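The lines below spell out each chain.
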Amino acid sequence: MTQVLTPEIETKVKVRNRGWQVTLAGLGINLSLGVLYTWSVISSKVPEAWGWSEADRSWPYSIACLVFSLIMVPAGRLQDRFGPRLVATAGGILLGIGLILASFSQAPLGWMIGFGLLGGAGIGFAYASATPPAVKWFPAAKTGMVAGIVVSGFGLASVYAAPLARWLIDRFGLPTMALTMGIGALVVVTGLSQLLIAPPSGYIPPQNPGKGKAGGFTRRTSSATRASRVASAAPEVPPSQMLKTPTFYMLWFMYACGAGAGLMIIAKLAAIGKLQAGLDLGFVLVAALAIGNGGGRILAGTLSDRFGRRETLLACFLLQGLLIFLLSTVTEGSWLANTVALSILSALIGANYGANLSLFPALTKDLYGLKNFGTNYGLVFTAWGVGGFMLALLAGKLYDIYHSFAVAFYGAIALLVAAAVCTVLLPKSSPQTAM
């Protein structure tokens with residue numbers, strides 16, 4: 001009997017690698033989305049003649065954060081289906097129009113709609129579209145580094161956005177500031193969005209994309225070869241299947257704890273310095289935390305590529321718990337109650353908070369694949385909004401009861417320890433086989 005062999009034909013098609021173009025465009029978009037961090041300046045500069053209460057000054061920002069986190073799910077799905085360019089462009093348009101509309105209003109409702117609803121939605125659409133196309137151009141070994149670079153822009157944005165907003169308000173007034181930043185967001189975000197190009201389906205990234213090497217496709221007609229290749233590839237898990245895995249809920253809980261603890265400190269940092277240390281260092285501490293926030297995203301992502309996502313997350317959770325404990329010991333006249341020590345402490349807390357924003361997208365990609373990455377990470381990212389909203393609100397309420405942030409600090413430390421335990425228990429196998 002004569003054995004018939006199926007011929008295998010391999011065709012390689014070279015594709016120009018746009019990895020760094022897309023990465024830098026995503027970084028620029030996230031830097032532009034930093035208008036969210038100007039709210040502390042805006043709320044303090046609302047004219048008394050407008051008649052806003054303190055609650056009125058909180059609502060637009062709270063709505064923006066909540067809408068931002070919730071819109072990530074549909075934005076991720078749209079990004080997976082229609083591509084990042086279209087969705088990010090829509091985000092730039094929404095953010096720009098929202099700020100422009102707010103500039104014509106003196107009523108809280110106008111700012112809730114403009115800054116909160118439209119602005120938050122615009123930030124969510126653009127943010128959801130920046131990271132997925134970038135990581136697709138690079139090999140898996142660089143996922144953490146690339147994700148860290150892209151999202152670092154959002155963390156670093158407050159270094160320039162808050163001072164710029166303050167200068168514009170002092171020089172030209174709040175309406176002109178909102179109009180200027182709205183036009184800026186409209187032009188910059190929509191412009192950079194045109195550079196967000198995802199690689200075609202089947203693209204194989206080069207191992208050294210920074211050296212100008214092209215990636216490409218490899219097409220084989222042998223069904224046996226194709227089956228082997230699919231079996232060795234990372235799992236591609238749809239959102240419906242992801243939601244059925246215990247791994248997703250562990251990730252969600254860990255993200256809520258890590259991000260929530262950091263956002264709690266961010267929301268109360270100026271007050272902590274003033275009430276505990278007796279020092280009015282609001283802008284200095286916020287700037288230090290912002291620099292740490294941006295740098296921590298890149299550093300943690302790069303370290304996770306080398307030492308592993310779980311190992312890096314575990315170290316970040318434990319270190320963050322220690323740093324918050326040190327912050328709880330700050331009292332007027334103590335060894336930490338000085339500008340240098342508090343700035344360093346703020347930067348380190350910011351770095352550990354920022355690590356969450358690069359490690360969790362990388363973990364989501366590792367566990368659930370790239371095909372549905374936008375939608376899957378959107379679902380995971382809801383933990384950011386819920387964790388930050390709950391812990392920041394809880395810190396304020398506990399302070400009203402106990403006249404101290406200590407109880408909130410200890411609660412955050414307990415959650416970080418629980419997240420660290422989950423990191424150790426997090427399955428390393430495919431989530432489809434770990435149920």
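Values in this document were obtained by computation on a predicted structure and should not be read as measured data. (Residues numbered from 1 in each chain as written. Predicted model: local features only at pLDDT ≥ 70, side-chain atom pairs only at ≥ 80, totals over all residues. Heavy atoms only, no water.)

## Details of the overall build of the protein
Moving on, step 1. Looking only at helices and strands, the protein has 15 helices and 2 strands in total.
Moving on, step 2. Counting over 435 residues, the protein shows a buried share of 53%. (Helix = DSSP H or I, 4+ residues; strand = E, 2+ residues; numbered from the N terminus. Buried < 20%, exposed > 50% of the residue type's maximum accessible area, 1.4 Å probe, protein only.)

## Overview of the pattern of salt bridges
Moving on, step 1. Per the stated rule, a full pass over the model turns up 3 salt bridges.
Moving on, step 2. Across the salt bridge formed by R309 and D366, the nearest N and O atoms sit 2.6 Å from each other. Pair noted here: R309 is in helix 12 (residues 309-328) and D366 is in helix 13 (residues 339-368), with a separation of 57 residues, a long-range link.
Moving on, step 3. With relative accessibility at 7%, the residue R309 sits in the buried group.
Moving on, step 4. One connected set of salt bridges, linked through shared partners, spans D305, R309 and D366. (Salt bridge = Lys/Arg side-chain N within 4 Å of Asp/Glu carboxyl O.)

## Quick word on the environment of E236
Moving on, step 1. Relative to the helices and strands, E236 resides in the loop between helix 8 (223-232) and helix 9 (239-242).
Moving on, step 2. On the basis of relative accessible area, E236 is assigned to the partly exposed category, the value being 38%.
Moving on, step 3. In this structure, the C-alpha to C-alpha distance between E236 and L367, residues 131 residues apart in sequence, is 8.5 Å.
Moving on, step 4. Of note is the side chain of E236, whose polar atom sits 2.7 Å from the backbone nitrogen of K371. (Polar contact = N/O pair within 3.5 Å; in protein donor to acceptor, adjacent residues only side chain to side chain.)

## Let's talk about the packing of aromatic side chains
Moving on, step 1. Within this structure, the stated rule accounts for 18 aromatic pairs.
Moving on, step 2. Centroid distance Y127 to F381: 5.6 Å. Interplanar angle 40°. Geometry classified as tilted. You can see Y127 sitting in helix 5 (residues 108-136) and its partner F381 sitting in helix 14 (residues 373-402), a full 254 residues away along the chain. Like Y127, the residue F381 is buried in the burial classification.
Moving on, step 3. A connected cluster of aromatic rings, assembled from ring pairs, spans F68, Y127, F154, Y255, F360, F373, Y377, F381 and W384. (Phe/Tyr/Trp six-rings, centres within 6.5 Å; stacked < 30°, edge-to-face > 60°.)

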